[in-house]
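Examination of the molecular architecture
These are the residues of each chain, in order.
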Amino acid sequence: GEEVAQTPKHLVRGEGQKAKLYCAPIKGHSYVFWYQQVLKNEFKFLISFQNENVFDETGMPKERFSAKCLPNSPCSLEIQATKLEDSAVYFCASRGEGPLSYEQYFGPGTRLTVT
Amino acid sequence: AQRVTQPEKLLSVFKGAPVELKCNYSYSGSPELFWYVQYSRQRLQLLLRHISRESIKGFTADLNKGETSFHLKKPFAQEEDSAMYYCALLTGANNLFFGTGTRLTVIP
């Protein structure tokens, strides 16, 4: 598609439940990024992919967060056993390949509320 | 480690007045900086990239390496400029490191 799509828009989970968020990058874009925005503060980088390969995962909490970008499927971000502090808006962005493709295009975000 | 500081959470100016949104950074490498904007109910979008040296919607931003700043300026603010503005630094791993943002309100 022409825009990054994210589903669902809102997700409510009880503490300890699993949450799974999806991102469809712009067609032809090979890089996908996930960011977490807590309480309208700065965006915290979580993980990036180049096609289906993890490119940088330095921002990912190791224990409960995982992500995948499989061919012909939306990318996903999964949180096992959610905690209250996971409540945030999760943004996905995609970018093309090459030095002229510097712009990251953002999705509308998924608001996760953990109760 | 990198740092991006936007000292003003909120900024209000009158229509037609000049506006400056401040951004300071700390980065050990050669910085590549951006301004992103989020209008009400819209997604985050790129406004400016320092390398391109463009003027978009009347906004300009100059990278000052001596002062480690990348302030966003516009000589005459318009009501449609009201939005959330984020300064961001591109890291060596090609992800963006954002400041906390400044909410600009242009008063009619």
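Residues numbered from 1 in each chain as written. Chains lettered and ligands numbered in written order. Predicted model: local features only at pLDDT ≥ 70, side-chain atom pairs only at ≥ 80, totals over all residues. Heavy atoms only, no water.

**Quick word on the pattern of salt bridges**
In this structure the tally under the stated criterion is nine salt bridges over all chains. Ionic pairing is found between lysine 20 of chain A and glutamate 78 of chain A, a salt bridge with its closest N-O pair at 3.7 Å. On the criterion of sequence distance, the pair formed by lysine 20 of chain A in strand S3 (residues 19–24) and glutamate 78 of chain A in strand S8 (residues 75–79) is long-range, its members being 58 residues apart. A relative accessible area of 32% means that lysine 20 of chain A is categorised as partly exposed. Residue lysine 73 of chain B is joined to glutamate 20 of chain B by a salt bridge in which the shortest nitrogen-to-oxygen separation is 3.7 Å. Of this pair, lysine 73 of chain B sits in strand S8 (residues 72–74) while glutamate 20 of chain B sits in strand S3 (residues 19–21); the two residues are 53 residues apart in sequence, bridging distant segments of the chain. Assessed through its relative accessible area of 42%, lysine 73 of chain B is described here as partly exposed. Exposure remark for glutamate 20 of chain B: the relative accessible area of 28% places this residue in the partly exposed category. Through salt bridges with shared partners, one network takes in Lys18, Lys20 and Glu78 of chain A. (Salt bridge = Lys/Arg side-chain N within 4 Å of Asp/Glu carboxyl O. Helix = DSSP H or I, 4+ residues; strand = E, 2+ residues; numbered from the N terminus. Buried < 20%, exposed > 50% of the residue type's maximum accessible area, 1.4 Å probe, protein only.)

**A look at the packing of aromatic side chains**
Evaluation of the coordinates by the stated rule reveals 17 aromatic pairs over all chains. Where phenylalanine 34 of chain B meets tyrosine 36 of chain B, the ring centres are 6.3 Å apart and the plane angle is 50°; that geometry is what we call tilted. Take phenylalanine 34 of chain B: its relative accessible area is 0%, and that puts it in the buried class. Each ring, one from phenylalanine 59 of chain B and one from tyrosine 85 of chain B, has its centre 5.6 Å from the other, and the planes form 50°; the classification is tilted. Of this pair, phenylalanine 59 of chain B sits in the loop between strand S6 (45–49) and strand S7 (60–61) while tyrosine 85 of chain B sits in strand S9 (residues 83–90), placing them 26 residues apart in sequence. In this structure, phenylalanine 59 of chain B and tyrosine 85 of chain B share a single accessibility class: buried. Here arginine 95 of chain A stacks its cationic end above the ring of tyrosine 31 of chain A, 4.3 Å away from the centre of that ring. The positively charged end of arginine 49 of chain B is found above the aromatic ring belonging to tyrosine 102 of chain A, 3.7 Å away from the centroid. (Phe/Tyr/Trp six-rings, centres within 6.5 Å; stacked < 30°, edge-to-face > 60°. Lys NZ or Arg CZ within 6 Å of the ring centre and 35° of its normal.)

**Looking at the nonpolar core**
Formed by 24 residues in total, the largest nonpolar core has its most connected members in Val19, Leu21, Trp35, Leu47, Leu72, Tyr85 and Leu104 of chain B. At the level of elements, strand S2 (10–14), S3, strand S5 (33–38), S6, S9 and strand S11 (102–107) of chain B are the ones that each hand at least two residues to this core. Ranked by the residues each element gives to this core, the list is headed by S9 of chain B, at four residues. Not counting chain neighbours up to four residues away, the residues in contact with leucine 72 of chain B comprise Val19, Glu20, Leu21, Trp35, Leu47, Leu48, Phe59, Thr60, Ala61 and Tyr85 of chain B. Val32, Phe49, Tyr90 and Leu112 of chain A belong to the second-largest nonpolar core, a separate cluster that totals 23 residues. (Core = buried A, V, L, I, M, F, W, Y, C linked by side-chain atoms within 4.5 Å. Contact = heavy atoms within 4.5 Å.)

**Points about the interface of chain B and chain A**
Counting residues at the interface gives 16 residues for chain B, matched by 19 residues for chain A. Summed over both sides, the interface of chain B with chain A buries roughly 1,700 Å², with 53% coming from carbon and sulfur. Inspection of the chain B/chain A interface yields one salt bridge. One salt bridge connects arginine 43 of chain B with glutamate 3 of chain A, and the closest N-O pair in it is separated by 3.6 Å. Where chain B touches chain A, the interface holds seven residue pairs in polar contact (both at pLDDT 80 or more). Mapped by element, the contributors of at least two residues to the side of chain B that touches chain A are S5, S6 and strand S10 (96–98) of chain B. Ranked by residue count, the leading element in the side of chain B that touches chain A is S5 of chain B, at three residues. (Buried area = accessible area lost by both parts, 1.4 Å probe. Polar contact = N/O pair within 3.5 Å; in protein donor to acceptor, adjacent residues only side chain to side chain.)

Read these as layout, nothing more, since geometry by itself doesn't imply function.
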